[in-house]
Amino acid sequence: MDISEVNNSLENISLPIDQRKAVLQLIDTKINNDMKEVIAEIKRLESKIQMVHDKVSNEIKIIYWVIGIANAVILFVISRK
């Protein structure tokens, strides 16, 4: 349900204006708290993604080094024959 739908529903109910405002403020507070939780979860996921990225990056560097050393050894063995 959208906020505009909630507002229209509240207009159809015979509530005093101050009570309508209070209900809308409660809804806003709930939405703000939910958004804070969502933002916190996104930040947590971003940090996990960064850790995985760093780990994969390091592993790729290691693979390049191993391939480079293997190539050097193979070329050394071939050149000695």
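The notes below deal with the structure included here. (Residues numbered from 1 in each chain as written. Predicted model: local features only at pLDDT ≥ 70, side-chain atom pairs only at ≥ 80, totals over all residues. Heavy atoms only, no water.)

We now examine the overall build of the protein chain. Within the protein chain, the regular secondary structure consists of two helices and zero strands. In summary, the protein chain has a C-alpha radius of gyration of 30 Å against a globular reference of 12 Å for 81 residues, an excess of more than 25%. Dimensions of the protein chain, computed from C-alpha atoms along their principal axes, come out at roughly 100 × 15 × 10 Å. For the protein chain, buried positions account for 2% of its 81 residues. Here the protein chain displays about 7400 Å² of accessible surface, and carbon together with sulfur accounts for 65% of that area. Of the side-chain charges in the protein chain, 11 are positive and 11 negative, and the distance between the mean point of each set is 17 Å. (Helix = DSSP H or I, 4+ residues; strand = E, 2+ residues; numbered from the N terminus. Rg over C-alpha atoms; globule rule 2.2 N^0.38 Å. Buried < 20%, exposed > 50% of the residue type's maximum accessible area, 1.4 Å probe, protein only. Areas by Shrake-Rupley, 256 points an atom, 1.4 Å probe, with all protein chains shown as cover. Lys, Arg positive; Asp, Glu negative; His and termini not counted. Charge placed at Lys NZ, Arg CZ, Asp CG, Glu CD.)

Checked against the element boundaries, Val 6 lands in helix H1 (residues 3–12). Each C-alpha atom, one on Val 6 and one on Lys 61, is 55 Å from the other, the two residues being 55 residues apart in sequence.

The next point concerns a nonpolar patch on the surface. A cluster of nonpolar side chains, contributed by Ile 3, Ile 31, Met 35, Val 38, Ile 39 and Ile 42, occupies part of the molecular surface with about 490 Å² of accessible area. It is helix H2 (residues 17–80) that contributes the most residues to the nonpolar patch, five residues altogether. Tracing the backbone through its elements, the reader meets Ile 31 in helix H2. (Patch = residues over 30% accessible without salt bridge, like charges linked within 9 Å, V, L, I, M, F, W, Y side chains within 5 Å. Salt bridge = Lys/Arg side-chain N within 4 Å of Asp/Glu carboxyl O.)

Their axes nearest at 11 Å, the elements H1 and H2 cross at an angle of 160°. It follows that H1 is roughly antiparallel to H2 by the angle criterion. Regarding H1 and H2, the two cross each other, and that crossing is right-handed. Residue-level contacts link Ile 3, Val 6, Asn 7, Leu 10 and Glu 11 of H1 to Arg 20, Val 23, Leu 24, Ile 27 and Ile 31 of H2. Of the residues in the contact of H1 with H2, the class split is seven nonpolar, one polar and two charged. (Axes fitted to C-alpha atoms, helices over the stretch in contact; angles between N-to-C directions. Parallel < 35°, antiparallel > 145°, perpendicular 65-115°, else oblique. Left-handed = near helix turned anticlockwise from the far one by under 90°. Contact = heavy atoms within 4.5 Å. Nonpolar A, V, L, I, M, F, W, Y, C, P; charged D, E, K, R; others polar.)

Any functional reading would require information beyond the geometric quantities listed.
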